[in-house]
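Per-entry structural report
What follows is the residue order along each chain.
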Amino acid sequence: VKQFEEEMAARLNYKYAIGVASCSLALEATFKAYTAREGDDQPDLPSLSICIPALTYKATINAAIRAGLKPVILDVNVDGIIDGSPFANGETPSFACTVGLYGNGVGGRVRGMHHIRDAAQDWPVLRQQRPNCTATASFDPTKNLYGVGGGGMVFTDSEFVASFVRSWRVNGAKFLDSAGTNAKMSELDAAVMLAKLEYFDSWQGRRSKIARHWTRELDAYEGVVRPLFHRDNWHCHAVQKYVIELT
């Protein structure tokens, strides 16, 4: 696991990569780490809120709730990305969780909030985009890289977040005032994914080539079928799924 963590951190240019049992647990640990740090700074802080896109897998919201955060659901644009509309009540949540839906990399930055990226589907493009935030990855069998079971990972440049997640995944051994759980990544899964990394870039190239082919073929049906791909932004798409919209 340690070797896999080091290789993934180097691959995506993060200081720390911490392996856990799933991306759901990676999100929960990350949310808990940020709320713990925020609570230390403001001990009388009321319930914290987090904005989450309306179109995402329910694990994103579940993790926020388990971490004690109040989800604020925001509408999304035609590509499933938070559209940046102003908050109706004029209050800005403390956190924002962006989601790279179907592998579509989330561009831009989140201002005025702690930014956490649910990169379960688009983590391979973190290397190209390198957002200035903590991100999580999924190694579920439906994703671009997987082992024999499942797995997840937290990528961060924060020493505090890295230390918190490492402790949390072994029942909070270090942070005694914060309950953790058993969320370790298995050594077998890490070993299998280490071996696959040698071929990963070529597999990603093949995914992109197939997606480009279908995008060209579907040009004949413009106005009826719209692939959820930006032709000038292929390098920011992990091609986790090839999704089309019927208009």
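Our structure's up above, just so we're on the same page.
The following refers to the structure shown.

Counting its regular elements, the protein chain contains six helices and nine strands. For the protein chain, with 247 residues in total, the buried portion stands at 49%. Sequence separation of 24 or more characterises 55% of the internal contacts of the protein chain that already satisfy a separation of 6 or more. Working note: accessible area of the protein chain is about 12400 Å², and carbon and sulfur atoms make up 51% of it.

A few words on unusual backbone geometry. Most peptide bonds adopt trans geometry, and most residues besides glycine take a negative phi value. For Tyr-102, which is not glycine, the phi torsion reads 65° and is therefore positive. With respect to the helices and strands, the residue Tyr-102 is situated in the loop between strand E4 (95-99) and strand E5 (114-118).

Once that is clear, we can look at the nonpolar core. Counting residues in each nonpolar core, the largest one holds 25 residues, and the members touching the most others are Phe-31, Ile-50, Ala-64, Leu-69, Phe-95, Cys-97 and Val-165. Secondary structure elements with two or more residues in this core: strand E1 (16-20), helix H2 (23-41), strand E2 (49-53), helix H3 (58-66), E4 and helix H5 (159-168). In terms of residue count, H2 provides more of this core than any other element does, six residues in total. In contact with Phe-31, not counting residues within four places along its chain, are Ile-50, Thr-60, Ala-63, Ala-64, Ala-67, Leu-69, Cys-97 and Ile-116. Counting 21 residues, the second-largest nonpolar core is a separate cluster that includes Met-8, Leu-12, Ala-135 and Leu-145.

A word on the pairing of E5. Here E5 lies mainly inside the structure; four of its five residues are buried. Alignment of E5 against strand E6 (residues 134-138), held across three bridges, turns out to be parallel. Looking across to E6, one finds that Arg-117 is bridged to Ala-135.

Attention now goes to the sheet that holds strand E3 (residues 70-74). Sheet strands associate in pairs through backbone hydrogen bonding, adopting either a parallel or an antiparallel arrangement. Within the open sheet, the seven strands sit side by side as E1-E7-E6-E5-E4-E2-E3. Their pairing is mixed. Looking at strand neighbours, the two that pair on one side only are E1 and E3, the edges of this open sheet. Strand-to-strand twist across the sheet, computed as the mean angle between neighbouring axes with direction ignored, equals 20°. With two bridges joining them, E2 and E4 adopt parallel strand pairing. Paired with Ile-50 across the bridge in E4 is Phe-95. Across the sheet, H5 is in contact with E1, E6 and strand E7 (152-156); its angle to E1 comes to roughly 20°.

Within this structure, the stated rule accounts for one cavity of 30 Å³ or more. By volume, the largest cavity is sized at about 40 Å³. For the largest cavity, the full set of lining residues is Asn-104, Phe-229, His-230, Asn-233, Trp-234 and His-237. Taken together, the residues of the lining of the largest cavity sort by class into two nonpolar, four polar and no charged.

Cut-off values and rules
Residues numbered from 1 in each chain as written. Predicted model: local features only at pLDDT ≥ 70, side-chain atom pairs only at ≥ 80, totals over all residues. Heavy atoms only, no water. Helix = DSSP H or I, 4+ residues; strand = E, 2+ residues; numbered from the N terminus. Buried < 20%, exposed > 50% of the residue type's maximum accessible area, 1.4 Å probe, protein only. Contact = heavy atoms within 4.5 Å. Areas by Shrake-Rupley, 256 points an atom, 1.4 Å probe, with all protein chains shown as cover. Core = buried A, V, L, I, M, F, W, Y, C linked by side-chain atoms within 4.5 Å. Pairing = 2+ DSSP bridges. Axes fitted to C-alpha atoms, helices over the stretch in contact; angles between N-to-C directions. 1 Å grid on protein atoms, 1.4 Å probe; cavity = no way out; pocket = protein on both sides within 12 Å on 5 of 7 lines; lining within 4 Å. Points joined across faces, edges and corners; volume = space filled by probe spheres on them. Nonpolar A, V, L, I, M, F, W, Y, C, P; charged D, E, K, R; others polar.

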